[in-house]
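# Reading the structure
What follows is each chain in one-letter form.
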Amino acid sequence: MKHRCLAIAMAVGALAGAACGSAATAAPTAVPTAEPTVAVTATPTAAPTAAPTAAPTVAPAVPAADRQPQTIHVIEQPTNVSLVRVGSLSGCTNTTSCQGDYIVGDDPLSDAATGKEVGTLAFECFIVDTGDTLYHCPGITITLTGRGQIVFTEFFWADVTTPETSPITGGTGEFLGATGTVTSQRGGDFVIAISG
């Protein structure tokens with residue numbers, strides 16, 4: 001009986017020793033294989049793809065301190081404008097226009113002096129007062145090809161022919177952080193005054 005207990009104890013001890021031995025050998029191999037894989041795969045794949053795609057399409061941002069005042073005069077070619085009748089916010093049955101109706105467009109822009117196409121104008125303008133034909137355009141975007149975008153918010157009266165001046169609210173590329181105004185008048189005539 002004593003021999004059987006001793007044999008069992010030795011067998012259990014051998015198994016425990018083997019388990020401890022395999023655990024001891026497993027630990028060193030787990031650390032080296034995990035570290036190189038993470039370090040090798042994360043760095044090379046992220047760096048090459050980010051830089052080449054952004055540079056050719058938009059001009060680099062100009063720091064506000066280095067930006068010179070400039071005026072850009074463009075004319076919209078209204079080729080893609082649609083009136084969308086979504087019905088009224090207050091149950092309007094008017095056949096011409098209801099509060100909440102809007103116009104959308106994505107039109108080419110040309111240089112006022114040369115007539116050469118220089119970009120696009122994208123807009124969505126909601127009618128807020130049908131009696132005064134007052135529209136609100138929360139984010140008109142002028143994209144000047146290869147230079148960047150200028151965003152401004154505009155209120156305008158469809159029946160009024162006097163120019164409307166609106167602040168620039170955002171920009172990208174050359175116009176990132178730019179300040180100034182956009183003056184527009186009927187006929188899609190836009191004068192952008194970059195002040196800084």
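Placed above this text is the structure.
This write-up is about the structure you can find in this document. (Residues numbered from 1 in each chain as written. Predicted model: local features only at pLDDT ≥ 70, side-chain atom pairs only at ≥ 80, totals over all residues. Heavy atoms only, no water.)

### Structural notes on the overall build of the chain
Put simply, the test is: The way it works is that DSSP assigns letters per residue, a run of H or I at least four long becomes a helix, a run of E at least two long becomes a strand, and they are numbered from the N terminus. Any two residues having at least one pair of non-hydrogen atoms within 4.5 Å are treated as being in contact. Methods summary: accessible areas were calculated by the Shrake-Rupley approach with a probe of 1.4 Å, and residue burial reflects only the protein chains presented.
Assigned secondary structure in the chain consists of one helix and nine strands. Secondary structure elements of the chain occur, N-terminal to C-terminal, as α-β-β-β-β-β-β-β-β-β. Sequence-distant contacts in the chain: of pairs separated by 6 or more residues, those separated by 24 or more amount to 43%. With an accessible surface of roughly 11,900 Å², the chain has 65% of that area assigned to carbon and sulfur atoms.

### Thoughts on the packing of aromatic side chains
Basically, it comes down to this: Ring pairs are drawn from Phe, Tyr and Trp, using the six-membered ring of Trp, whenever the two centres fall within 6.5 Å, and their geometry is named by plane angle: stacked under 30 degrees, edge-to-face over 60, tilted for the rest. A 1.4 Å probe rolled over the protein chains alone gives each residue an accessible area, and that area as a share of the maximum for its type sets the label: buried under 20%, exposed over 50%, partly exposed in between.
In the structure shown here, the tally under the stated rule is two aromatic pairs. When the centroid spacing of 5.2 Å and the interplanar angle of 40° are considered together, the rings of Tyr102 and Phe126 count as tilted. Here Tyr102, found in strand E3 (residues 102-111), pairs with Phe126, found in strand E4 (residues 117-129); they are 24 residues apart in sequence, far enough to count as distant. Tyr102 gets classed as buried once you look at its relative accessible area, which sits at 18%. Note on Phe126: relative accessible area 28%, which makes it partly exposed.

### Some remarks on the pairing of strand E5 (residues 134-144)
Stated precisely, the cut-off is as follows: The rule for pairing is simple: two strands pair if DSSP sees at least two bridges between them.
Alignment of E4 against E5, held across seven bridges, turns out to be antiparallel. Pairing of Asp129 across the sheet is with Leu134, part of E5. Between E4 and E5, which pair antiparallel one after the other, the connecting turn spans four residues, and Thr133 there sits at a positive phi close to 50°. Inspection of the sheet shows E5 paired to strand E6 (residues 148-157) by nine bridges, in the antiparallel sense. Its bridge partner lying in E6, Leu144 is registered against Gly148. The antiparallel hairpin formed by E5 and E6 contains three residues in its connecting segment, where Gly146 sits at a positive phi of about 75°.

### Details of the state of the cysteines
One way to say it: the disulfide is the covalent bond shared by the sulfur atoms of two cysteines. Rules: We call a pair of cysteine sulfur atoms a disulfide when they lie within 2.5 Å.
Throughout the structure, instances matching the rule amount to one disulfide. Here Cys125 pairs with Cys137 through a disulfide, and the sulfurs are 2.0 Å apart. Looking down the S-S bond of the Cys125 and Cys137 bridge, the torsion is 110°, so its handedness is right-handed. Taken together, the positions of Cys125 in strand E4 and Cys137 in strand E5 put the pair 12 residues apart, joining distant regions of the chain.

### Structural notes on unusual backbone geometry
Even without glycine at this site, Thr133 takes up a positive phi of about 50°. Relative to the elements of secondary structure, Thr133 occurs in the loop between E4 and E5. Judged by relative accessible area, Thr133 falls into the buried class, the value being 16%.

### Re the pairing of strand E1 (residues 70-76)
For a regular strand, side-chain orientation follows a simple rule: the groups alternate between the two sheet faces. Across six bridges, E1 lies against strand E9 (residues 189-194) in antiparallel orientation. Across the sheet, Thr71 pairs through a bridge with Ala193, a residue of E9. Relative to E3, E1 runs antiparallel, the two sharing three bridges. Bridged to Glu76 within E3 is Leu109.

### Focus: the nonpolar core
For clarity, the cut-off: The term nonpolar core refers to a set of buried residues drawn from Ala, Val, Leu, Ile, Met, Phe, Trp, Tyr and Cys, joined through side-chain atoms within 4.5 Å.
Core analysis: the largest hydrophobic core is formed by 23 residues, its most contacted members being Ile142, Ile150 and Ile192. When contributions to this core are tallied by element, the ones reaching two or more residues are E1, E3, E4, E5, E6 and E9. For this core, the element with the most residues is E5, which contributes five residues. Not counting the four nearest positions on each side in its chain, Ile142 is found in contact with Leu109, Thr120, Leu121, Gly148, Gln149, Ile150, Phe152 and Ile192.

### Side note on the pattern of salt bridges
For the record, the criterion: Here, a salt bridge means any side-chain nitrogen of Lys or Arg that lies within 4 Å of a carboxyl oxygen of Asp or Glu.
Tallied over the entire structure, the rule returns one salt bridge. Residue Arg147 is joined to Glu174 by a salt bridge in which the shortest nitrogen-to-oxygen separation is 2.6 Å. With Arg147 in the loop between E5 and E6 and Glu174 in the loop between strand E7 (164-171) and strand E8 (180-185), this residue pair connects regions lying 27 residues apart in the sequence.

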